[in-house]
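Secondary and tertiary structure notes
Letter by letter, the chains look like this.
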Amino acid sequence: MATYRERVSTALDLLTVGLAPYVEDKLRAIHRDNWMRAVKGSFRDDRDRTTAGGKEFDWDAHSLLTVMWDQWNSVFRHDLGHYERSLVSELREFRNRWAHQQSFDFDDAFRILDSVHRLLTSVNAENVSVIQREKADLLESHVAEEVNNQVQKTAFQRNKSWVIVIYGLCCGLIIAHAILYSNEGTITLISFVLLVFIYLIYQQFKMAAPLLYGPRECSRCHRIVYRKPCPYCKSVSEN
């Protein structure tokens with residue numbers, strides 16, 4: 001299962017593929033043969049972003065969003081409105097977070113995929129269906145994880161209840177046997193049995209559900225893992 005950061009990377013790649021033809025066509029329509037010079041004016045550094053001997057521009061998510069924001073009034077406001085401009089601003093912020101290696105959660109990943117989908121839909125990009133599938137896959141994975149987590153927690157609580165019942169039953173039977181066949185030391189035995197089973201039952205009540213995320217020991221290979229599926233067990237099964 002892809003991490004949220006990998007989902008964001010995929011969204012930015014799809015944004016580049018879908019948005020680049022539209023941006024370039026609009027720039028050519030307004031600036032004509034000087035469109036590449038106008039694009040370079042949107043950046044504050046001297047980095048060469050051209051390929052094929054300076055005849056093509058090497059687009060990425062950062063350059064596309066920067067050019068759209070910088071040349072909105074002169075090029076893009078004729079086709080797009082304030083809503084699309086807000087999407088460009090939002091995606092610029094998320095792209096900067098991605099570039100600075102910041103973490104993402106489900107809400108972030110879904111928001112980015114949704115914003116990319118909306119922006120690509122606005123420009124009639126050819127890969128809108130691809131980003132839609134990415135959104136659906138992320139949502140399906142998230143719902144499946146939540147359902148599985150809840151099922152595991154419910155099963156854990158049910159098993160814990162059964163263990164407590166069995167402890168109580170065993171404790172009662174031992175005490176009943178000791179009373180029926182009483183002899184010297186019966187009170188001591190009963191006290192000891194009660195203390196042992198009270199401690200065991202207390203430990204069951206205190207026991208928390210197993211960790212599904214974060215550092216934990218894999219139950220099969222006993223290595224420390226940080227994600228729910230163990231990468232070590234997975235690689236062994238694949239080989």
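Residues numbered from 1 in each chain as written. Predicted model: local features only at pLDDT ≥ 70, side-chain atom pairs only at ≥ 80, totals over all residues. Heavy atoms only, no water.

**A short note on the overall build of the protein chain**
Counted only if it meets this: Secondary structure is summarised from DSSP: a helix means a run of H or I of at least four residues, a strand means a run of E of at least two, and numbering begins at the N terminus for each. Between two residues, a contact is recorded if the distance between any of their heavy atoms is within 4.5 Å. Computed with the Shrake-Rupley method and a 1.4 Å probe, the accessible areas treat only the protein chains shown as cover for residues.
When you go through the protein chain residue by residue, the secondary structure sums to nine helices and four strands. Its helices and strands in sequence order give the protein chain the pattern α-α-β-β-α-α-α-α-α-α-β-β-α, from N to C terminus. Residue pairs at least 24 apart in sequence account for 58% of intrachain contacts in the protein chain once pairs closer than 6 positions are excluded. On the protein chain, roughly 15,500 Å² of surface is accessible, and the fraction owed to carbon and sulfur atoms is 55%.

**Focus on unusual backbone geometry**
For clarity, the cut-off: Accessibility here uses a 1.4 Å probe with only protein chains present; expressed as a share of the type maximum, an area under 20% marks a residue as buried, one over 50% as exposed, and anything in between as partly exposed.
In this structure, Arg32 is a non-glycine residue whose phi angle is positive, near 55 degrees. Structurally, the position occupied by Arg32 is in the loop between helix H1 (4-31) and helix H2 (35-40). We note that Gln101 has phi near 60 degrees; this positive angle belongs to a residue other than glycine. Structurally, Gln101 can be placed in the loop between helix H5 (82-99) and helix H6 (106-122). We classify Gln101 as exposed; its relative accessible area is 59%.

**Some remarks on the packing of aromatic side chains**
Cut-off, in case you're wondering: Put simply, two rings from Phe, Tyr or Trp (the six-membered ring, in Trp's case) pair if the centres are within 6.5 Å, and we call them stacked under 30 degrees between planes, edge-to-face over 60, tilted for the rest.
Scanning all chains against the criterion turns up six aromatic pairs. Taken together, a centroid distance of 6.4 Å and an interplanar angle of 20 degrees make the contact between Phe43 and Phe57 stacked. In this pair, Phe43 is assigned in the loop between H2 and strand E1 (50-51) and Phe57 in strand E2 (residues 56-57), connecting sequence segments 14 residues apart. One exposure class covers both Phe43 and Phe57, and it is buried. Residues Trp72 and Phe76 carry aromatic rings whose centres are separated by 6.4 Å and whose planes lie at 35 degrees to one another, so their mutual orientation is tilted. Of this pair, Trp72 and Phe76 both sit in helix H4 (residues 72-76), separated by four residues, roughly a single helical turn. What makes Trp72 buried here is its relative accessible area of 5%. Ring pairing ties together the aromatic residues Tyr4, Phe106 and Phe110, which thus form one cluster.

**With respect to the pattern of salt bridges**
For the record, the criterion: For this analysis, a salt bridge means a side-chain nitrogen from Lys or Arg found within 4 Å of a carboxyl oxygen belonging to Asp or Glu.
According to the stated counting rule, one finds eight salt bridges in the structure shown. A salt bridge links Glu134 to Arg7; the nearest nitrogen and oxygen atoms lie 3.9 Å apart. Of this pair, Glu134 sits in helix H7 (residues 128-180) while Arg7 is found in helix H1, placing the two residues 127 residues apart along the sequence. Judged by its relative accessible area of 5%, Arg7 falls in the buried class. Arg7 is paired through a salt bridge with Asp137; the nearest N and O atoms lie 2.6 Å apart. Of this pair, Arg7 sits in helix H1 while Asp137 sits in helix H7; the two residues are 130 residues apart in sequence, bridging distant segments of the chain. Three or more residues are tied together by salt bridges with common partners; here these are Arg7, Glu134 and Asp137.

**Quick notes on the environment of Leu195**
Looking at the element boundaries, Leu195 is found in helix H8 (residues 186-206). Its relative accessible area of 61% is what places Leu195 among the exposed residues. Along the sequence, Leu195 and Cys171 sit 24 residues apart, while their C-alpha atoms lie 9.9 Å from each other.

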